[in-house]
Amino acid sequence: MYAHAGIVLAVMVAVFLLARRVRVTIELAMFAAAVAGLLAHGTGYAEIPRHLVDGAFTYFDVTLIFITATLFMNLLKEAGGVAYIIRAILRRFHRQRTLTLVLLTLILLVPGALTGAGSVTVLIVGGLVGTVLTYMGVPQTNVVAIVFLCAAMSAAAPPVNLWAMMTAAGSNMPYVGFFLPLAVITLAGALFSMFYLGWRGSPPDLARVMRELPEPPPGLTGWKVAAPFVVLLALIAAGRLWPWAVPVLGLPLLFMISAAMVLLISPIRLPVVAVTSRTIEGLLPLIGVMIVVGILVQSMALTGARGLISLSVVLLPLAVIYGLLFLILPFSEGLLQYAVGPLLGVPLILLFNMKGLNPIIALAGMATMWPIGDMLPPTTVVGRAAVMVLRYEGAYYREFVRATLVPALVILALGTAYVVFSRQLAFLVW
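Computed from a predicted model, the values in this text were never measured in an experiment.

What counts, and where the lines are drawn
Residues numbered from 1 in each chain as written. Predicted model: local features only at pLDDT ≥ 70, side-chain atom pairs only at ≥ 80, totals over all residues. Heavy atoms only, no water. Helix = DSSP H or I, 4+ residues; strand = E, 2+ residues; numbered from the N terminus. Rg over C-alpha atoms; globule rule 2.2 N^0.38 Å. Buried < 20%, exposed > 50% of the residue type's maximum accessible area, 1.4 Å probe, protein only. Contact = heavy atoms within 4.5 Å. Axes fitted to C-alpha atoms, helices over the stretch in contact; angles between N-to-C directions. Parallel < 35°, antiparallel > 145°, perpendicular 65-115°, else oblique. Left-handed = near helix turned anticlockwise from the far one by under 90°. Nonpolar A, V, L, I, M, F, W, Y, C, P; charged D, E, K, R; others polar. Patch = residues over 30% accessible without salt bridge, like charges linked within 9 Å, V, L, I, M, F, W, Y side chains within 5 Å. Areas by Shrake-Rupley, 256 points an atom, 1.4 Å probe, with all protein chains shown as cover. Salt bridge = Lys/Arg side-chain N within 4 Å of Asp/Glu carboxyl O. Phe/Tyr/Trp six-rings, centres within 6.5 Å; stacked < 30°, edge-to-face > 60°. Lys NZ or Arg CZ within 6 Å of the ring centre and 35° of its normal.

Caption draft 1: Inspection of the overall build of the chain at higher detail. On a plain count of helices and strands, the chain comes out with 20 helices and zero strands. For a compact globule of 430 residues, the expected C-alpha radius of gyration is about 22 Å, and the chain comes in at 22 Å, within 12% of that figure. Principal-axis analysis of the C-alpha atoms places the extent of the chain at approximately 70 × 45 × 45 Å. The buried share of the chain, taken over its 430 residues, is 53%.

Structure representation (structure tokens):
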């Protein structure tokens, strides 16, 4: 049994590495590995399509969440809401650097927190915040590092953390109680990154910055911009405060209701079809990853390869796992993207639960460490997105990645502390 699972796993790894060697995309490489695993297992040709389709729908609900959330944020940006918020913050607090940096951090956290994707943060607000930071005297390398690190923390921030959701789903664990633990660690990591890299500088030239930022349409006011968020938070709170009286709407429907609110409050007519098309087109790589990850997990579960990985992980001494988490998690994310949740997260969280650790706190720590790997090879998805959006011309590894090291290590240390001291931090779980 172990030999068979080991052979299947070796075949999958070999096919994946070969596909990457010939420059096949990460999605197709994982798909090829999944099919190769099914063939090596001896799955009949008639059965393979069924498992591929079954696996493709594993994370269908998660995919709906970040499609609808991203549509909501893109409509808000198209209506001028994002530019309005940034201009209002600068106009009011441009002489108070501390408050400005705090508020810019919160702006960077919102898109990824609602969608679960750091790339959405970079695409929606990265360029605007980068312009403000540049005129505040922050060096260009630090600006790109700030946008990436805050985008990584936004992907890990509640309410939507895809790594935690996928790991919880794979270990039969409800995605409940994560809000405060994730909020504390991601906010701490984002604020440290912002102040460590952006504290030194000069007061911004307000008139010059305002000329650079897009002008919101006439008629857009603060209450109109806030209305969709108020509706979203009110519906979420109502479901928690009156669970027996309020029907379960689900996050996709909540985001669609908020998107409809944007259409109602927008002073201009929004090109809904065009924005929707751009949203789906921009999310295709992420959707592809989610579909293929489900297929890969289905294949590994059927062939025993997933069980072999789980067994290998749980047999490691706990001290060794603690000492290697800060390396294993980011580099595995750089290699496999969201697949690391079900492949590594599930056996780790089952092990931690068996050892008496608090699984919610431990998973919150792990789910904050994974997105740091989005700047590492071979994928470098969010890191490359930040470089492209901000038109950074410096050396990627020697300058950009080097600038992120200290804040990244602090975030990884916080995540490790969450795991090691999860029992003591259990008071964060509400």
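Caption draft 2: Expanded view of helix α19 (residues 381-389). All of the buried residues in α19 are Val382, Gly383, Ala385, Ala386 and Val387. Directly beyond the C-terminal end of α19, a positive phi value near 55° is found at Arg391.

Caption draft 3: Broad picture of the side chain of Thr43. Inspection of the secondary structure assignment puts Thr43 in the loop between α2 (26-41) and α3 (48-56). Here Thr43 falls in the buried class, since its relative accessible area comes to 13%. When residues no more than four places from it in sequence are discounted, the contact partners of Thr43 are Leu38, Ile48, His51 and Leu302.

Caption draft 4: Fine view of the environment of Gly37. As for its position among the elements, Gly37 is in helix α2. Residues Gly37 and Gly126, spaced 89 residues apart in sequence, show a C-alpha to C-alpha distance of 40 Å. Excluding residues that lie within four positions of it along the chain, Gly37 makes contacts with Val8, Met12, Ser299 and Thr303.

Caption draft 5: Quick peek at the packing of helix α6 (residues 97-115) against helix α8 (residues 140-156). Contact geometry for α6 and α8: axes closest at 7 Å, N-to-C directions at 45°. Overall, the two elements α6 and α8 adopt an arrangement that is oblique. The chirality of how α6 crosses α8 is right-handed. Within the contact between the two elements, α6 uses Thr105, Leu108, Leu109, Gly112 and Ala113 and α8 uses Ile146, Cys150, Met153, Ser154 and Ala155. For the contact of α6 with α8, the residue count by class is seven nonpolar, three polar and no charged.

Caption draft 6: Main features of the side chain of Thr279. Structurally, Thr279 is set in helix α14 (residues 272-303). Beyond its immediate chain neighbours, meaning those up to four positions away, Thr279 contacts Ile67, Thr70, Leu71 and Asn74.

Caption draft 7: Up close: a nonpolar patch on the surface. Taken together, the side chains of Leu316, Val320, Leu324, Phe326, Leu327, Ile328, Phe331 and Leu409 define a hydrophobic patch exposed on the protein surface, amounting to about 670 Å² of accessible area. Residue placement: Leu324 occurs in helix α16 (residues 318-336).

Caption draft 8: Inspection of the packing of aromatic side chains at higher detail. The full count for this structure, using the stated rule, is nine aromatic pairs. Between Phe72 and Phe229 the ring centres are 5.5 Å apart and the planes differ by 65°, which places this aromatic pair in the edge-to-face class. Taken together, the residues Phe72 in helix α4 (residues 60-78) and Phe229 in helix α12 (residues 222-241) connect sequence positions 157 residues apart. Seen from their ring centres, Phe192 and Tyr196 are 5.6 Å apart, and the 15° between their planes marks the pair as stacked. With Phe192 and Tyr196 both in helix α10 (residues 179-198) and four residues apart, the pair spans about one turn of that helix. Taken together through their ring pairs, the aromatic side chains of Phe148, Tyr396, Tyr397 and Phe400 make up a single cluster. Sitting over the face of the ring of Tyr396, Arg384 holds its NZ or CZ atom 3.9 Å from the ring centroid.

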